[in-house]
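Read off the chains here:
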Amino acid sequence: MGPSAAPASRHGIPPAPRTASRAPSPLSDLQDPDRVDPEFQRLTEAAADGDRDAVEALLERMLPDLRAFVRLRTGPLIRRHEAQSDLVQSICREILTHADRFQHPTEGAFRRWLFTTALRKLSNRRDHLLAERRDVGRTEGEEASDIALMAAYARVATPSRHAAVREDLERVEAAMEGLSEEDRSLIVLSRIVGCSRVEIAEEMGLSAGAVRMRLHRALAKLAVALGEPPGPDAR
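The rules behind these values
- Residue numbers restart at each chain and count upward from 1, following the sequence in its written direction.
- Per-residue local features of the predicted model are confined to residues with pLDDT of at least 70, and side-chain atom pairs are confined, for both listing and counting, to 80 or more; whole-chain, interface and lining totals are unaffected and use all residues.
- Hydrogens are left out, water is left out, and the side-chain values use all remaining heavy atoms of the structure.
- Criterion for a salt bridge: a side-chain nitrogen of Lys or Arg within 4 Å of a carboxyl oxygen of Asp or Glu.
- Each helix is a run of DSSP H or I of at least 4 residues and each strand a run of E of at least 2, with the numbering of both proceeding from the N terminus.
- Burial here depends on accessible area, computed with a 1.4 Å probe over protein chains only, as a share of the maximum for the residue type. Under 20% is buried, over 50% is exposed, and the range in between is partly exposed.
- Contacts were defined at the residue level, with two residues in contact if any of their heavy atoms lie within 4.5 Å.

Participant: Help me out: how do you make sense of the pattern of salt bridges in this one?
Facilitator: Side chains that differ in charge, positive against negative, can pair when their charged atoms come close. The final tally for this structure, using the stated rule, is 13 salt bridges. A salt bridge links Arg 52 to Glu 56; the nearest nitrogen and oxygen atoms lie 3.8 Å apart. Of this pair, Arg 52 and Glu 56 are both found in helix 2 (residues 52-81), 4 residues apart, which corresponds to roughly one turn of the helix. Assessed through its relative accessible area of 21%, Glu 56 is described here as partly exposed. Note that Glu 94 and Lys 121 form a salt bridge whose closest N and O atoms lie 3.3 Å from each other. Of the two residues, Glu 94 is situated in helix 3 (residues 84-97) and Lys 121 in helix 4 (residues 107-132); the sequence distance between them amounts to 27 residues.

Written as structure tokens, this is what we have:
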């Protein structure tokens with residue numbers, strides 16, 4: 001008898017698939033952010049027409065990227081008090097609740113909607129924790145696969161051949177925490193959210209040329225923090 005399918009979460013979002021081995025994705029092998037995925041395009045068009053199932057399918061496809069975004073943008077304060085899986089589920093619930101608001105049928109538009117929602121959620125949660133100063137322990141039981149998360153992190157740093165997956169996650173997160181806010185934003189927008197340089201320039205109020213130069217510097221700093229040689233995009 002073959003392995004049974006993983007059950008869906010109580011909010012209708014299935015957990016990230018478990019794979020037998022990690023899938024390294026060096027920076028030199030990054031996909032072109034302007035490349036059109038026909039299936040993603042079909043789903044975004046259906047979602048813009050009010051198809052809730054299409055929105056759920058898009059969220060399922062985006063779960064590893066969303067998990068990576070949440071972990072890299074939460075900061076230590078939220079990580080000490082919140083389970084990452086709870087934050088991701090909260091973001092997915094809000095997207096599904098307001099699915100009718102999505103009206104622009106492109107992959108880039110869906111990504112911006114999803115990650116803008118995530119960033120607002122994280123900002124609001126951080127403000128609440130700072131105001132409350134609560135001392136709540138982090139809950140156990142992350143639902144999604146760390147291997148799938150590391151596949152998203154691989155757009156930021158090449159996984160170590162010798163470290164366990166959990167060690168790789170902590171290594172990348174610690175290195176990112178050591179960067180400036182601008183450097184973290186540049187890397188996350190480029191490597192996790194998948195924005196083009198023009199889109200990043202508009203978001204951060206910079207020229208496309210400045211984004212290119214600063215992103216290269218940020219990636220070089222990250223490589224140094226990770227003890228790796230700079231990739232082709234950081235030279």
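Participant: In this structure, what is going on with the environment of Ala 109? I would like to understand it.
Facilitator: Its location among the elements puts Ala 109 in helix 4. Here Ala 109 falls in the buried class, since its relative accessible area comes to 13%. Once the C-alpha coordinates of Ala 109 and Thr 44 are considered, the two residues, 65 residues apart in sequence, prove to be 8.7 Å apart. When residues no more than four places from it in sequence are discounted, the contact partners of Ala 109 are Phe 102 and His 104.

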